[in-house]
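Each chain, letter by letter, is given below.
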Amino acid sequence: MCFILISGYCNAQDWPDWRGINRDGTWIETGLAEKFESAELIPEWSVPIGSGYSGPTVSNGKVYVTDLIKEPSQTEGILCLDERTGEKIWQYRYPCEYSVGYPAGPRASVVINNGNAYSLGTMGNLFCFDAVDGNIIWQRDLNRDYEIRMPTWGISATPLIVDDKIILQISGSNNACVIALDKNTGKEIWRNLDDIAAYSAPVLIQKNGRKVVVVWTEDSLSGLNQETGEVFWRFPWKTGSGMSIATPVLYNDYIFVSCFYSGSLLIKLGSNYTSAEIVWQRCGESERKTDALHCVMNTPVIIGNFIYGVDSYGELRCLELATGNRVWEDLTAVKKDRWANIHFVQNGNKTWMFNEHGELIISELSPDGFKEISRTKIIEPTREQLPRGVTWSHPAFANKHVYVRNDKKMVCVDLIKK
């Protein structure tokens, strides 16, 4: 873990990547609110932005987010804001016409690494910026360069930085579903898999010094050698409508994934994580008659050999890790609806939830049930992402604050214990 010290903050933690420092949805700060003071919290700041699905990231006093503006002509943008005030530090915009479904805006989060900001757009526009001033260091049009076989909902998986590489799931032709580029120049290092890309962010796992990149595509769950792209292990699995969205979860040498139409898969990793075997795989009859867990966008959390996640219509469920058997189901954390969503972030023994109604919940999850401690509203749902009105973007928890966006604005809310 890496820590920074900002004036007025003690033991502060940044959020420079998708789902935090290690992409594991863990937030280790202390001194946080134990209960909310009111049913709705007033933001410290709020700034207008365009629409988009991408979650913000936070690093070195700056907040990064991408958006889409349709008038006077359609452009994708990368915005850098002051963490304390929301004031715009820099912005870069480029023309970007969409040919994908759900065209509300960019999907992938901006990744901050060694002073650079990496941004991947919906149609495959990849940029490396100087994170401080926004100057472009290099850029690639991946759609042109790799003849992308465009997924239904566009390029979505946040790039993964490993050592000197930026690893991307892009659905390129000629065995280029997954590619590794030099993070300093953008030049290709390796490519592999002839799969169609899905929407799940790749993760790095490692044991005994061996680093393995886990990639979940529309066609398989695979573990790749981060140096060469060689396949260590691969489980073919054609997910319904390619809805491999959740981030693979590592827990005690197991990997768990779950998707809307095709259910769940648990694998056990071998020595050095270079081999793996299926423990169980379960799928229900339909999206309404599900078995185990059929997640949509939410990435489940695993605590003490139990899996917690949101099923296809908003059912918060607890499963036994060993078998996938259901322990309980709860319908109070989010309203029941198709694709209803909650993002989970673990802080000690508390699970912080951000649901699609713009509510932040402090809770405890156990085999005994869902214990709601406190709930508050922090932002209003908007209708660009989905007509019923949702807040589907993943929040950033950094420096005792939460940063969250809808399709009209970004807000910063203080979570310091009073």
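The text that follows walks through the structure, step by step, so that each part is easy to find.

Thresholds applied
Residues numbered from 1 in each chain as written. Predicted model: local features only at pLDDT ≥ 70, side-chain atom pairs only at ≥ 80, totals over all residues. Heavy atoms only, no water. Helix = DSSP H or I, 4+ residues; strand = E, 2+ residues; numbered from the N terminus. Rg over C-alpha atoms; globule rule 2.2 N^0.38 Å. Buried < 20%, exposed > 50% of the residue type's maximum accessible area, 1.4 Å probe, protein only. Contact = heavy atoms within 4.5 Å. Areas by Shrake-Rupley, 256 points an atom, 1.4 Å probe, with all protein chains shown as cover. Pairing = 2+ DSSP bridges. Phe/Tyr/Trp six-rings, centres within 6.5 Å; stacked < 30°, edge-to-face > 60°. Lys NZ or Arg CZ within 6 Å of the ring centre and 35° of its normal. 1 Å grid on protein atoms, 1.4 Å probe; cavity = no way out; pocket = protein on both sides within 12 Å on 5 of 7 lines; lining within 4 Å. Points joined across faces, edges and corners; volume = space filled by probe spheres on them. Nonpolar A, V, L, I, M, F, W, Y, C, P; charged D, E, K, R; others polar. Salt bridge = Lys/Arg side-chain N within 4 Å of Asp/Glu carboxyl O. Axes fitted to C-alpha atoms, helices over the stretch in contact; angles between N-to-C directions. Core = buried A, V, L, I, M, F, W, Y, C linked by side-chain atoms within 4.5 Å.

### Quick word on the overall build of the protein
Along the backbone of the protein there are 1 helix and 32 strands. Here the C-alpha atoms of the protein give a radius of gyration of 20 Å, agreeing with the 22 Å that 2.2 N^0.38 yields for 418 residues. Dimensions of the protein, computed from C-alpha atoms along their principal axes, come out at roughly 50 × 50 × 45 Å. Across the 418 residues of the protein, 62% fall into the buried class. Considering only contacts in the protein between residues 6 or more positions apart, those separated by 24 or more positions represent 54%. A total accessible area of about 15,500 Å² is found for the protein, and carbon and sulfur atoms account for 47% of it.

### Regarding the pairing of strand β17 (residues 231–236)
Across a regular strand the side chains alternate sides, sitting on one face of the sheet and then on the other. For strand β16 (residues 220–225) and β17, the ladder comprises 5 bridges, and the chain directions are antiparallel. Paired with S222 across the strands is R234, a residue of β17. Linking β16 to β17, which pair antiparallel, is a turn of 5 residues; within it G229 sits at a positive phi near 85°.

### Some details on the packing of aromatic side chains
One pass over the structure, following the stated rule, counts 23 aromatic pairs. Where F36 meets W352, the ring centres are 5.9 Å apart and the plane angle is 80°; that geometry is what we call edge-to-face. Highlighted residues: F36 in the segment before β1 (45–48) and W352 in strand β27 (residues 350–355), separated in sequence by 316 residues. The exposure classification of F36 matches that of W352, with both residues buried. Here Y94 and F127 contribute two aromatic rings whose centre-to-centre distance is 4.9 Å and whose plane-to-plane angle is 45°, an arrangement assigned as tilted. Pair noted here: Y94 is in strand β5 (residues 88–95) and F127 is in strand β8 (residues 125–130), with a separation of 33 residues, a long-range link. Each member of the pair Y94 and F127 is classed as buried. A cation over a ring is seen here: K268 above Y254, with NZ or CZ 5.6 Å from the ring centre.

### Details of the layout of surface pockets
If you add up the space inside the largest pocket, you get close to 990 Å³. Residue lining of the largest pocket: 41 residues in total, with D17, I21, N22, R23 and D24 positioned closest to the centre. It is strand β14 (residues 203–207) that provides the largest number of residues to the lining of the largest pocket, a total of 4 residues.

### Side note on empty space enclosed by the protein
Applying the stated criterion across every chain, the model contains 3 cavities of 30 Å³ or more. Roughly 520 Å³ of volume is contained in the largest cavity. Along the wall of the largest cavity there are 24 residues; nearest its centre are Y53, R107, Y199, I245 and M297. For the lining of the largest cavity, the residue count by class is 15 nonpolar, 8 polar and 1 charged.

### Some words on the pattern of salt bridges
Tallied over the full model, the rule gives 28 salt bridges. Residues R234 and D195 are paired through a salt bridge, measuring 2.8 Å at the closest nitrogen-oxygen approach. In this pair, R234 is assigned in strand β17 and D195 in the loop between β13 (188–192) and β14, connecting sequence segments 39 residues apart. Assessed through its relative accessible area of 34%, R234 is described here as partly exposed. Here D195 falls in the buried class, since its relative accessible area comes to 5%. With a closest N to O distance of 3.1 Å, K418 and D414 form a salt bridge.

### Description of the side chain of N225
Assignment of secondary structure puts N225 in strand β16. Not counting residues up to four positions away in its chain, the partners in contact with N225 are W190, R210, E230 and F232.

### Observations regarding the sheet that holds strand β21 (residues 276–282)
One open sheet holds the 4 strands; their spatial order is β18-β19-β20-β21, and the pairing between them is antiparallel. Edge positions in the sheet fall to β18 (249–251) and β21, since each has one partner strand and no second. On average, adjacent strands in this sheet sit at an angle of 20° to one another, irrespective of strand direction. Both strand β19 (residues 254–259) and strand β20 (residues 263–269) contribute to a ladder of 6 bridges, which runs antiparallel. Counterpart to I255 in the pairing with β20 is I267.

### Some points on the environment of I278
Looking at the secondary structure, you find I278 in strand β21. Taking relative accessible area as the criterion, I278 reaches 41% and is therefore assigned partly exposed. Separated by 24 residues in the primary sequence, I278 and Y254 place their C-alpha atoms 9.7 Å from one another. Leave out the neighbours within four places in its chain, and I278 touches F235, L265, L266 and I267.

### Remarks on the nonpolar core
Counting 31 residues, the largest nonpolar core has W352, L360, F397, Y403, M410 and L415 as its most contacted members. Contributions of two or more residues to this core are made by β1, β3 (62–69), β4 (75–82), β27, β28 (359–366), β30 (396–398), β31 (401–405) and β32 (409–414). Per element, the largest residue contribution to this core is 4 residues, and it comes from β32. Dropping the residues within four chain positions of it, F397 is found in contact with Q13, W15, W27, V345, W352, L360, V402 and L415.

### Notes on the pairing of strand β29 (residues 369–377)
Inspection of the sheet shows β28 paired to β29 by 8 bridges, in the antiparallel sense. Looking at the pairing, I361 lines up with R375 of β29. Between the end of β28 and the start of β29, which pair antiparallel, lie 2 residues.

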